[in-house]
Structure formats: structure tokens, C-alpha cells
Amino acid sequence: MLTTLNKPVASGVPVHPLGSKARVLLCSVFGPYAQNDEFGSSVVNPMELYHNQVTRVQGPFSLRMFHRSWGIMMIQCNISAPCTVLDFPTLDRFTRELQDQPYDVIGISSIIVNVLKVAHMCKLIRRYQPNARIVIGGHIANLPDLAQRVDADHIVQGEGVTWFREFLGEDAGAPYRHPVVLSPVNMRSMGMNVPNRPGETAATVIPSVGCPMGCNFCSTSAMFGGKGKSNTFYETGAELFAVLSGLERETGARSFFVMDENFLLNRPRALQLLELMEQHGKAWSFYLFSSANVLRKYSIDELVRIGVSWVWLGLEGKDSRYGKLAGVDTQALVKLYQSHGIRVLGSTIIGLETHTRQNIDEAIDYAVAHGTDFHQFMLYTPLPGTPLHRELSEQQLILPESEVALPLIHGQAQFNYRHRHLRDGEESEMLLRAFRRDFEVNGPSVVRIVNTTLQGWLRYKNHPDLRVRDRMHWEGRELPTTYAAVVAAACRQFGRGAPIRHHLDALLGQIKREFGLRARLAAALGGPFLAWRLRAEARRLARGATLEPPTFYETNAARSVAGAGRCRFVDISGVVRA
């Protein structure tokens, strides 16, 4: 049960009696993940963001990758206590760690669907390390009755670094160190593994957590305090520039995945970062999240000079009630950004309050007409802890767990409430219909990004700003080779009668005209090879093949831990805060 241990400090966080001498283990939940088991894992909800909810029906074209558990990595490099991270363990590996290494504090990070795994991990900890304090955090902490579901000592809702620093008696206000981490793990597409080469793989940067936009369905916003609330790690452009420079130095990266729900919302910080990038000649690329109303506050010139290369944009749905979309022609906005080489991942909700059997196809066609490079479709899902869940609970529309268990409310299976117009599980077919329609009309996402990249190249290849020109040349470096082969393989995969084939032929012709002999050779030689790999991958997937992430084992301790890698971080304690 949740208990209060020892004398709390002023913030209300209890202090561990060993302070910074406490030995800490931080874990994600155990795998495997892409299978149906007694712990709530399911094939339809693998540990892959893209294949799970973006490129779900694209078969061998689907973008496959994993992402590290950034939250526990952030905590590890920001506490002085000896701390080991065990990320993506198997159940046997987690159990063996409990048997082999003594710990005073064991933290588990999880989302709600993995509540059964967390409960089982707590039981194992009590069996093998009964004196360890168990701390649970992550989105699972939004569950109001989590303390009755798992045997934990502390449940932490919100930002974990400050909590752990206070819990261990350390300086909660110290500058944040940033973990050194590459964004994708084991990337794969079209039957090919994509290696994490230095300089070619994006690093992850985390400026803040939480989302001040406060959409009613957003568990992230709810987790960090709701509408208008967020926790910012790096307040100024100068601090961010120092972090990015450190990540570039450590990894060779020149592109960065910005894990911030609405990074551009802080316009002064973004413009200060741009100023420093221009002063130091940094032609960095950024992949980020944003809302339409925030993006419109920046000119195209500003976005291109900042280096916005990819944006995750909430489209939600036609006539949705969200203020972030008020008065915005999102279809025109998407086309504008793509014409400047900015790739767009659009996100659409299936099952809004206004959706019916009669209008759902219109809603799907509206989403598909955006022609985004990627498109996420999610069911309208009231997760515990969100305003939407509270609203539907008050209306007595939330279904009991006997009908829809917690592991099933991940937005890719079924509603966990009674929709006013949709019944009998028909939402599951509607969701798949949306994915399939998008794939049929717009083709594979890996080809769409080639098209957008080409548009950016054509527009900016001779731009007078050296930084802009350099970035576009770097982003378009594979157009005459790998990308030409990708499009040629897609042409072979889709027959002459396929709706997308005309577009594929036109795109390949444009690449050949622009790049000449190199592109023609790549298409002629690489195209058949990739087409063969596509067919082999399709057969592999048809046999039920799934992917699982590797296990990571890392320590920040001066003492060595057998088999553990070293925690790496960027320290900006010398940077003056404005």
C-alpha cells in the first residue's frame, strides 16, 4: 500500500534515511510486449509508437523502431545516488537483477495499460528485496486507485527528477543534466535495418514535460497538472543551445527529436536559440510537436531558419471543438509546410462526440485529404485522470473493467465508454478503415517523406543563407540514391491499377530528372533489390513475426556494475540562466 515514510521535507516528499547513499534501480516494465499474455500485453499494442498507431497497416513499408524510456534516464543522470537503469528487461532479467544486486530504492515507470505488469513486479520486489522502497511513476500514476492495485511505498505523479532529488536529500534546484540518447532504437523499414550511424541519427532533447494546451483527452497534460501547467527544464535559448551542442559533441548528431509537447509555444526561447544557431553556423534539423495556432505565429522563413524539418500536428477532426485549431485551414497549412520541405505527421481522432455511422466516412476522407507524410489515427479514449474521463464518469458512460480492462484502453482496440452514436465494437473497424484509406490514397509514408524532402531540396538547394542551404543538402543527401531506390521499389509493389501508382511514377521521374545518372542507376539496381526485401518482409510478417526492443543496463555509479554500460549526460551547470 502507499505509505508515508520518514520525516517529509517542506515540499511534502519524505526523505530516505540513507539519502544519497541509497542504491537505486529504475526500471521500465518487463517484456515481451508484442504478444497476448496474462499481464495485459497484446499483439495489437506493441512497444512501437509508429507501427502501433501511425503506420499500422502499411505492412513491410511500416516504420519500425523503439524509443528509450527517457524519463528514468533523465532521473538517473540528475541524482548523485548510485543508480542503475534496467530498460526493457524480460521478466527473467528483472528477476535475476533482484536476486543478484541489493537495492534500497526501486522505481518503476509505466503507462496505464501495463498496470498488471507493475503489480507483478512489486510482488517480486517484496519477495526478493523486502527492505527496498518501491516508487511508481509515469502515466500510470494518473490512476486514482493505483495504491489499491499495486503494493508500492510511493506513487509519484508528475515530474520525477525533483521528487527523487528531494527524496534522496539532494539539491532539488540544481541545473538539469541531459541524458545522451539517440532517438530511434533498431529502426527498420522495407525489410531493411537502418543503422544508427554517428551524424545520421537524431538525438533526443527534452526541454520540458507536460502540455499547457490541456486538451480534455490528454493524459500527459493531466499527469503534469492540467491546462496551463508544465515543468520546464531549460528556460532559455542559451541553455538549450548548450544542451544541443553537447549532444552534437557526444553523438555527432545534427538532427534532434524534441520531446516537448509544444516546443514552439515559448517563442522568445525559440528565437534566442535561432540567434545562437546563426551566430555559430549550426544547420541543425528539428523534429517536434506543435499545435496549429502556435505554428501560425511563426513565418515560414522563421521555421526554415530554425530548422523545423518534421512536425507532429494535432488535426483531431473536422469541426472539433479544440481551441488550438480555431480558424485554421489545416489542409492548406499542411500543404504549405510540405512545399517548404517540412514533413508533417497529422493526428486524427476517430469517435469524436459528433461521429456517427452516417458521417464517419466523411470524417475519414477529411483526414486523408490532408495528405500528411504520416497519419496517426486514435480512438477517442477517456483515460483515467483526464478531464474527459471525469466528464464521462459523471454521465455514467464509462464501462466497467469487467467489460473493458485497463490493458485494453490504449486507443487502438475499442472504446472504454458508451459512445452516444457508435455501438457494438464498430469503432474498431472504423479505426482500421481510416488507416487503410490513408494508405490506399496517399501510399507508404516512407515514399511520402521522399516527396516532401524533394520539395524542400528544389526550393532551397540554392538558397543564399548558407545554413539553410547546408541543411537542405544534408536532408536531401539520399534523394539520388536510397530514396530513388525506395520509390522504384514502391512502383514495383503497387500495380498499374493502384490509385497511388501515377503519383509514384511521377515522383520517380522527377527524381531522375533532377539527379540524372545516379538516380537512374539507383532506381534500376536498388529498386529491384528493395522490392525483393519487401516481399520477403511481407512473408515474414504474414508468419506472425514481431519485434521486441533490446534490454539496456546502465549505471551512473563510480563503482562498476557487472555488465552495465555507463550513463552519459550533458552538464550545463556553467550556463547562465536569463
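For the structure, see preceding data.
Residues numbered from 1 in each chain as written. Predicted model: local features only at pLDDT ≥ 70, side-chain atom pairs only at ≥ 80, totals over all residues. Heavy atoms only, no water.

### A short note on a positive patch on the surface
Part 1: A cluster of basic side chains, namely Arg 492, Arg 535, Arg 539 and Arg 543, defines a positive patch on the protein surface.
Part 2: Topologically, Arg 539 is positioned in helix H20 (residues 517–542). (Patch = residues over 30% accessible without salt bridge, like charges linked within 9 Å, V, L, I, M, F, W, Y side chains within 5 Å. Areas by Shrake-Rupley, 256 points an atom, 1.4 Å probe, with all protein chains shown as cover. Salt bridge = Lys/Arg side-chain N within 4 Å of Asp/Glu carboxyl O. Lys, Arg positive; Asp, Glu negative; His and termini not counted. Charge placed at Lys NZ, Arg CZ, Asp CG, Glu CD. Helix = DSSP H or I, 4+ residues; strand = E, 2+ residues; numbered from the N terminus.)

### Regarding the packing of aromatic side chains
Part 1: Scanning the entire structure with this criterion turns up 25 aromatic pairs.
Part 2: An angle of 55 degrees between the planes, with centres 4.6 Å apart, marks the rings of Tyr 176 and Phe 233 as tilted. Pair noted here: Tyr 176 is in the loop between helix H6 (160–167) and strand S7 (178–179) and Phe 233 is in the loop between strand S12 (231–232) and helix H8 (237–251), with a separation of 57 residues, a long-range link. Across the pair, exposure class does not vary: Tyr 176 and Phe 233 are buried alike.
Part 3: Site record: aromatic cluster; members linked through ring pairs are Trp 70, Phe 257, Tyr 287, Phe 289, Trp 310 and Trp 312.
Part 4: A cation sits over an aromatic face here: Arg 267 above Tyr 298, 4.8 Å from the ring centre. (Phe/Tyr/Trp six-rings, centres within 6.5 Å; stacked < 30°, edge-to-face > 60°. Buried < 20%, exposed > 50% of the residue type's maximum accessible area, 1.4 Å probe, protein only. Lys NZ or Arg CZ within 6 Å of the ring centre and 35° of its normal.)

### Notes on the sheet that holds strand S13 (residues 255–258)
Hydrogen bonds between backbone groups are what pair the strands of a sheet, and the pairing can be parallel or antiparallel.
Part 1: Strand order in the open sheet formed by six strands is S10-S13-S14-S15-S16-S17, with parallel pairing between adjacent strands. Every other strand in the sheet has two partners, leaving strand S10 (203–205) and strand S17 (374–379) as the edge strands with one partner each. Looking at each pair of strands side by side, their axes are set apart by 20 degrees on average, direction ignored.
Part 2: Sheet topology note: the S13/strand S14 (residues 285–290) ladder contains three bridges and is parallel. Looking at the pairing, Phe 256 lines up with Phe 286 of S14.
Part 3: Contacting strand S16 (343–350) and S17, helix H15 (residues 426–442) crosses the sheet at an angle of about 175 degrees to S17. (Pairing = 2+ DSSP bridges. Axes fitted to C-alpha atoms, helices over the stretch in contact; angles between N-to-C directions. Contact = heavy atoms within 4.5 Å.)

### Brief notes about the sheet that holds strand S5 (residues 133–137)
Part 1: Taken together, seven strands build an open sheet; the order of strands is S6-S5-S4-S1-S3-S18-S19 and the sheet is mixed. Each edge of the open sheet is held by one strand with a lone partner, namely strand S6 (154–156) and strand S19 (565–566).
Part 2: Sheet topology note: the strand S4 (residues 105–109)/S5 ladder contains five bridges and is parallel. Pairing of Val 105 across the sheet is with Arg 133, part of S5.

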